[in-house]
Amino acid sequence: QVQLVESGGGLVQAGGSLKLSCAASGRMFSFYGMGWYRQAPGKQRELVADISSGLSTNYADSVKGRFTISRDNAKNTVYLQMNSLKPEDTAVYYCNKHWGSNMYWGQGTQVTVSA
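On a predicted model such as this, the values are computed, not experimentally measured, just so you know.

Rules and cut-offs
- Residues numbered from 1 in each chain as written.
- Predicted model: local features only at pLDDT ≥ 70, side-chain atom pairs only at ≥ 80, totals over all residues.
- Heavy atoms only, no water.
- Salt bridge = Lys/Arg side-chain N within 4 Å of Asp/Glu carboxyl O.
- Helix = DSSP H or I, 4+ residues; strand = E, 2+ residues; numbered from the N terminus.
- Buried < 20%, exposed > 50% of the residue type's maximum accessible area, 1.4 Å probe, protein only.
- Pairing = 2+ DSSP bridges.
- Axes fitted to C-alpha atoms, helices over the stretch in contact; angles between N-to-C directions.
- Core = buried A, V, L, I, M, F, W, Y, C linked by side-chain atoms within 4.5 Å.

Notes on the pattern of salt bridges
- Within the structure shown, the criterion is met by 4 salt bridges.
- Of the charged contacts in the structure, one is a salt bridge between Asp-89 and Arg-66, with a shortest N-O distance of 2.8 Å. Pair noted here: Asp-89 is in the loop between β8 (77-82) and β9 (91-99) and Arg-66 is in the loop between β6 (57-59) and β7 (67-72), with a separation of 23 residues, a long-range link. Pair check on accessibility: Asp-89 and Arg-66 agree, each one buried.
- Each of Arg-38, Glu-46, Arg-66 and Asp-89 takes part in salt bridges that share partners, so that together they form one network.

Right, here's the structure in full:
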């Protein structure tokens with residue numbers, strides 16, 4: 001059974017930084033695309049950043065220049081470095097693992113940015 005375990009969320013002041021980690025179980029981690037999504041109260045889940053098996057990255061316009069996604073295939077882990085955080089970044093952040101029709105989600109980690 002595939003498991004994704006997020007960590008690194010918390011409370012931070014506006015302008016601060018956090019680094020999220022997502023440890024994935026299962027084989028062939030390097031073949032999977034990995035992504036970070038977030039969901040704020042009353043809003044739909046949205047893509048924050050994505051990194052392919054070939055290390056191509058994609059970011060939501062709202063986080064470009066502030067967030068960086070990376071992966072360590074030796075550790076089966078994907079990261080999200082979040083800098084210059086804003087109150088509107090407050091949400092539950094979810095890790096996603098996908099390859100073809102296979103998609104898996106973590107339980108989420110809360111990020112709260114105070115003004």
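Examining unusual backbone geometry
- The phi torsion at Met-28 lies on the positive side, around 55 degrees, for a residue other than glycine.
- Here Met-28 is to be found in the loop between β3 (18-24) and β4 (33-39).
- The class of Met-28 is partly exposed, set by a relative accessible area of 44%.
- The phi torsion at Leu-55 lies on the positive side, around 75 degrees, for a residue other than glycine.
- Topologically, Leu-55 is positioned in the loop between β5 (46-51) and β6.
- Of the residues examined, Leu-55 reaches a relative accessible area of 52% and is grouped as exposed.

Structural notes on the sheet that holds β3
- With antiparallel pairing, the 4 strands of this open sheet are ordered in space as β1-β3-β8-β7. The open sheet has two edge strands, β1 (4-7) and β7, and neither has a second partner. When the angles between neighbouring strand axes are averaged without regard to direction, this sheet yields 15 degrees.
- By the bridge criterion, 6 bridges tie β7 to β8 in an arrangement that is antiparallel. Residue pairing across strands places Asp-72 opposite Thr-77, the latter belonging to β8.

A word on the pairing of strand β10 (residues 102-105)
- Looking at chain direction, β9 and β10 are connected through 4 bridges and run antiparallel. Opposite His-98, over in β10, you have Met-103 as the bridge partner.
- If you look at the hairpin formed by β9 and β10, you'll find 2 residues sitting between the two strands, and Gly-100 has a positive phi there, around 60 degrees.

Here we look at the nonpolar core
- Ranked by size, the top nonpolar core spans 28 residues in total, and within it Met-34, Trp-36, Leu-80, Met-82 and Tyr-93 carry the most contacts.
- Elements with a minimum of two residues in this core: β3, β4, β5, β7, β8, β9 and β11 (109-114).

None of the figures reported here should be taken as evidence of function without further support.
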